[in-house]
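# Results of the structural survey
What follows is the residue order along each chain.
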Amino acid sequence: MTDTAPRPDTGTDIPDRPSLEGLEEKWDGVWSEQDLYAFDPETTRDQVFSVDTPPPTASGSLHVGHVFGYSQADMIVRYQRMRGKNVFYPLGWDDNGLPTERRAQNYYGVRCDPTLPYEENFTPPQEGGSNKSSKAANQLPISRRNFIELCEQLTALDEKSFEDVFRTLGLSVDWDHSYQTINSASRATSQRAFLENLQQGQAYQSEAPTMWDVTYRTAVAQAEQEDREREGAYHRIGFTRTDAAGNADTTGSTVYIETTRPELLPACVALVAHPEDERYQGLFGTTVTSPLFGVEVPVMAHPLAQPDKGAGIAMICTFGDSNDVTWWRELSLPTRSVVGRDGRFLPEVPWITSAEGQAAYAELAGLTVFSAQKRVVEMVTESGDLVGEPEKITHPVKFYENGDKPLEFVTSRQWYLTNGGRDTSDGGLRDELIARGKELTWHPAYMESRYRNWVEGLTGDWLISRQRFYGVPFPVWYAVGADGETDHDTVLTPPIEALPIDPTIDVPAGFTEDQRNQPGGFVADPDILDTWATSSLTPQLAGGWNSGAESDGLFGKVYPMDLRPQGHDIIRTWLFSTIVRSHLQQDSLPWKHASINGWILDPDRKKMSKSKGNVVTPIGLLQQHGSDGVRYWAGRARQGVDTAFDEGQMKIGRRLAIKILNASKFALGFGAAPADPSGRLAADPAVVTDPLDRALLAQLAQVVEQATTAFDDMDYARSLEIVEPFFWAFCDDYIELVKERAHGNSPAGEAGAASARAALAIALEVLLRLFAPVVVFATEEVWSWWRGGSVHTQPWPEAAPLREAAAGQEAALVDSVAQAAITLRRIKSDAKVSQKTPILSVTVVAPQVTLAHLEAAAGDLTALGRIEQLELAAGEGEEILTRDARLGEPPVKQPRAKG
């Protein structure tokens, strides 16, 4: 710890007019120059407090939600540092992923076309475009390598601006340990983890129905999906029963289904009803013919069918929703996909064989899903297969969280990682991951249920491949047979020491470049890993897991990490995926604690997000209210609770920071107090002899104990709730009570003055350390006026020396005297005269147990109230009252001097 002795030059160095302006720039410069928050690698694991800090997505600008969450985490970190921990607090940048691609496209006016060759010294058509979507037709197509270079340039700009904001905010990050999720080291780490998963059978390929975003033309994992309410309609459409020979039933018997996806009629593979539904018992095992397209399909039974929904019999199409996928898989039905990866209907489908059916489908080929639905409804209306008017409804529809159009199911080959989603066996991976959630300490504790509910609700393994460009490439190639067909079962992998690799540029061992895409040669996997597949390795990335010295090097000293701070909305993505990777890779939890922050809500109580356009950027708030004011607002919010955006709280925080400066100026204005021989307090406790002063220290000891208990539980908000009221009472009551005595203007004389000055110094130093995790700049400024080193590297205060200095004095004395002071002030305020007006005489009536407190502080009460004659009397009630008060003449106002 840094020396806490008074400054060796003058003892104190107090500015004439303390101000918050400029403190952020001043102290960030000092902290950077001194490497104040640097991690000391010469350490053991038990000395370390390590943090898996959220890497913000470097794509645009930060918003106030970032400031909110990162401030709260920083409060916990600063406390741990003051508790003597060697803090490992890195910050990474989540560079890869769709948001970065989209921003680069719009910023530079380009789009990626991997078929184009690389262009040396490429200059984009523009720089500085908005982050709003623009049409692909207006963007210049460029090679994948050129596009990646532009993404890297842009993220470097964004990261610098982000760092400036975080420095202004006062994050005590070790900037020498920052990382990126796309640089060489991160690619090597991510690829190594994937290859190990592949070797252990935890990563696998599968060609199956996949949720697909037609705008971005990429697969989407379950965790990236969200429901949005959309208008739709049920269409009652008839299928014609067929006879035993497969001909249309001559009786004209019709089976009616009700569907919200009439455009998928050409993709129908069966009708399904519940096996116990009496209405359809005679239909099971028979076939029907689809309207318009004339395709014969079976009628089958399945328990997922809902008798009370619609007509009770459903049309199975490949694929309209997740139920279709389940039925398709469990009933071994054929695949008849009609929607392509571009969201348009395929040009032709071989299973429609009749001339009438082919003609009907020809009207749909090339249409979007929306247009195809409209045309099919028109066609079944014209043919008479639609019964009645469509019944309008509002229902949830699956979207990609960053997408604009509903997701579609597309059959494609993708990479998956086991996550318990397909494991229903007792004691299997799903149960192991649920057990990990119980093993983790959650702040607040109830967030564990959100994690558990997510794991229990998984319906499949983690889809980790994406059909994008800027990200970590899959480090694999596939053999190409002599017939020119890709053999996906023959996966070619590089050695670990060769990582990172790009299979579209690098060549597998035993091959040459001229064998790429050739018969008997190889082909690169064109996909990239899902951004979460790399972000889920942040403990490994920050801790240098792939550095080659995992046990003895940095990784062994920081892992498992102590804390993961994050929002509750990404428990299902980032937190869960990190637990999955650490469970599979290290067979452990990635951290011991998870601190979960809530959302920031706008005035309409809606979540602030870039997609909703209701975010507030932080730099203006930091300039207007000061970083301490903004941090105070964040510190008042409880973990896990959604919090309204409130500039009023920021104003209170700014007022608190200003009050710390001004109250400190008074407390330190008497010169240096006698030093504590033991070095534990800011002044010699033996000098503190007045009962009121000792009572203050006794009360402060209680505050220290309670604040410590709260912070030990990582409850920064509770600590602030304890410390702040004491501080305001210290300023408004205690300082006012002892002001005259501290100046030597009381019968207590020099001993009384010395006692007050020492108590002020002791209390101030303890308060600065109690506030330091939250109000970082004002406390550091005051500390620099009279103490050595930085307040942020001081020990967290302890209650024991304060209690010893109180020498058994009751803490309740402070509250008793403060209440009496309020009562005395009320005499003048009720009379509407200045508080400087003397009280000629007054009797204070108080409970018997309180009288001793008031007698002990009678001198300070007399000085505060300007009382000439004070009488104390016992009363029967619990309140402190006054009677027989006589006021003197108010002081004459002196005219202000001109100029």
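Residues numbered from 1 in each chain as written. Predicted model: local features only at pLDDT ≥ 70, side-chain atom pairs only at ≥ 80, totals over all residues. Heavy atoms only, no water.

### Here we look at the overall build of the chain
Counting its regular elements, the chain contains 24 helices and 30 strands. Evaluated residue by residue, the chain yields a buried proportion of 55% over its 899 residues. Within the structure as shown, the chain displays about 38,400 Å² of accessible surface, and the carbon and sulfur contribution to it stands at 48%. Charged side chains of the chain number 84 positive and 125 negative; the gap between the two group centres comes to 6 Å. (Helix = DSSP H or I, 4+ residues; strand = E, 2+ residues; numbered from the N terminus. Buried < 20%, exposed > 50% of the residue type's maximum accessible area, 1.4 Å probe, protein only. Areas by Shrake-Rupley, 256 points an atom, 1.4 Å probe, with all protein chains shown as cover. Lys, Arg positive; Asp, Glu negative; His and termini not counted. Charge placed at Lys NZ, Arg CZ, Asp CG, Glu CD.)

### Topic: the packing of helix H17 (residues 691–712) against helix H21 (residues 799–806)
Relative to each other, H17 and H21 sit at 160 degrees, their axes nearing to 8 Å. Classed by the angle they form, the pair H17 and H21 counts as roughly antiparallel. In this structure, the crossing between H17 and H21 has a hand that is left-handed. Contacts from Arg694, Leu697, Ala698, Leu700, Ala701, Gln702, Val704 and Glu705 in H17 reach Ala799, Leu802, Arg803, Ala805 and Ala806 in H21. Looking at the contact of H17 with H21, its residues break down into nine nonpolar, one polar and three charged. (Axes fitted to C-alpha atoms, helices over the stretch in contact; angles between N-to-C directions. Parallel < 35°, antiparallel > 145°, perpendicular 65-115°, else oblique. Left-handed = near helix turned anticlockwise from the far one by under 90°. Contact = heavy atoms within 4.5 Å. Nonpolar A, V, L, I, M, F, W, Y, C, P; charged D, E, K, R; others polar.)

### A closer look at the packing of H17 against helix H19 (residues 749–771)
Where H17 meets H19, the axes come as close as 10 Å, and the angle between the chain directions of the two elements is 10 degrees. It follows from the interaxial angle that H17 and H19 lie roughly parallel. Between H17 and H19, the contacting residues are Asp693, Leu696, Leu697, Leu700, Val703, Val704 and Ala707 on the first element and Ser755, Ala756, Ala759, Ile762, Ala763, Val766, Leu767 and Leu770 on the second.

### As for the packing of aromatic side chains
Counting across every chain of the model gives 30 aromatic pairs. Ring plane angle 20 degrees and centroid distance 4.6 Å describe the contact between Phe555 and Tyr559, whose orientation is recorded as stacked. The two residues Phe555 and Tyr559 agree in class, both being buried. Among the aromatic residues, those joined into a cluster by ring pairs are Tyr70, Trp93, Phe162, Phe166 and Trp175. Lying over the aromatic face of Trp31, Arg78 brings its terminal NZ or CZ to 5.5 Å of the ring centre. (Phe/Tyr/Trp six-rings, centres within 6.5 Å; stacked < 30°, edge-to-face > 60°. Lys NZ or Arg CZ within 6 Å of the ring centre and 35° of its normal.)

### A look at the pairing of strand E10 (residues 254–259)
Here E10 shows one buried face, formed by Val255, Ile257 and Thr259, and one open face, formed by Thr254, Tyr256 and Glu258. In the sheet, strand E9 (residues 225–241) pairs with E10 via six bridges, with the strands oriented antiparallel. In the sheet register, His235 faces E10, and the bridge partner there is Thr259. (Pairing = 2+ DSSP bridges.)

### Things to note about the sheet that holds strand E25 (residues 591–597)
One open sheet holds the three strands; their spatial order is E17-E25-E24, and the pairing between them is parallel. Every other strand in the sheet has two partners, leaving strand E17 (441–443) and strand E24 (561–567) as the edge strands with one partner each. Direction aside, neighbouring strands of the sheet carry axes that sit 20 degrees apart on average. Sheet analysis places E17 next to E25, joined by three bridges and oriented parallel. Among the inter-strand pairings, His443 is bridged to a residue of E25, identified as Ser595. On the sheet, helix H14 (residues 571–585) packs against E17, E24 and E25 and is oriented at approximately 160 degrees with respect to E24.

### What about the confidence of the model for the chain?
Low-confidence regions, as indicated by low pLDDT, have predicted coordinates that should not be scrutinised in detail. Averaged over the chain, the pLDDT score is 91; the fraction of residues at 70 or greater is 94%. Low pLDDT, under 50, characterises residues 248–252; the stretch is placed with seven contacts to residues that sit more than four places away or in other chains. (pLDDT = per-residue confidence, 0-100.)

### Some thoughts on the side chain of Ser582
Tracing the chain through its elements places Ser582 in helix H14. Apart from the residues lying within four places of it in its own chain, the contact partners of Ser582 are Gln540, Tyr559, Asp587, Ser588, Leu589 and Pro590.

### Some remarks on the pattern of salt bridges
Counting across every chain of the model gives 44 salt bridges. Here Arg718 makes a salt bridge to Glu721, at a shortest N to O gap of 3.4 Å. Of this pair, Arg718 and Glu721 are both found in helix H18 (residues 716–742), three residues apart, which corresponds to roughly one turn of the helix. Residues Asp733 and Arg825 are paired through a salt bridge, measuring 3.8 Å at the closest nitrogen-oxygen approach. With Asp733 in helix H18 and Arg825 in helix H22 (residues 812–830), this pair connects stretches of sequence that are 92 residues apart. Connected through salt bridges with shared partners, the residues Glu363, Arg375, Glu378 and Glu382 form a single ionic network. (Salt bridge = Lys/Arg side-chain N within 4 Å of Asp/Glu carboxyl O.)

### Focus: the nonpolar core
Across soluble globular proteins, nonpolar side chains have a tendency to be buried as a group. In terms of nonpolar packing, the biggest core is built from 127 residues, with Phe727, Phe730 and Leu770 touching the most fellow members. Top contributing element to this core by residue count: H18, with 15 residues. Those residues within four positions of Phe727 in sequence are excluded, and the remaining contacts are Leu656, Lys659, Ile660, Ala663, Leu767 and Phe771. Counting 80 residues, the second-largest nonpolar core is a separate cluster that includes Phe147, Leu458, Ala524 and Trp591. (Core = buried A, V, L, I, M, F, W, Y, C linked by side-chain atoms within 4.5 Å.)

### Considering the state of the cysteines
Applying the stated criterion across every chain, the model contains zero disulfides. Left unpaired, Cys151 is separated from the closest cysteine sulfur, that of Cys112, by 8.4 Å. Taking relative accessible area as the criterion, Cys151 reaches 0% and is therefore assigned buried. The thiol of Cys268 is unpaired, and the distance to the nearest cysteine sulfur, on Cys317, comes to 4.9 Å. Residue Cys268 is classed as buried on the basis of its relative accessible area of 2%. (Disulfide = S-S within 2.5 Å.)

### What about a negative patch on the surface?
Taken together, Asp426, Asp431, Glu432 and Glu456 make up a surface patch of like negative charges. Relative to the assigned elements, Glu456 resides in helix H10 (residues 447–456). (Patch = residues over 30% accessible without salt bridge, like charges linked within 9 Å, V, L, I, M, F, W, Y side chains within 5 Å.)

### Concerning the sheet that holds strand E29 (residues 870–874)
If you walk across this open sheet you meet the three strands as E29-E28-E30, and the pairing is mixed. A single partner strand is all that each edge strand has here, and the edge strands are E29 and strand E30 (881–887). With direction set aside, neighbouring strand axes in the sheet form an average angle of 10 degrees. With five bridges connecting them, strand E28 (residues 839–846) and E30 associate as antiparallel partners. Bridged to Thr843 within E30 is Arg883.

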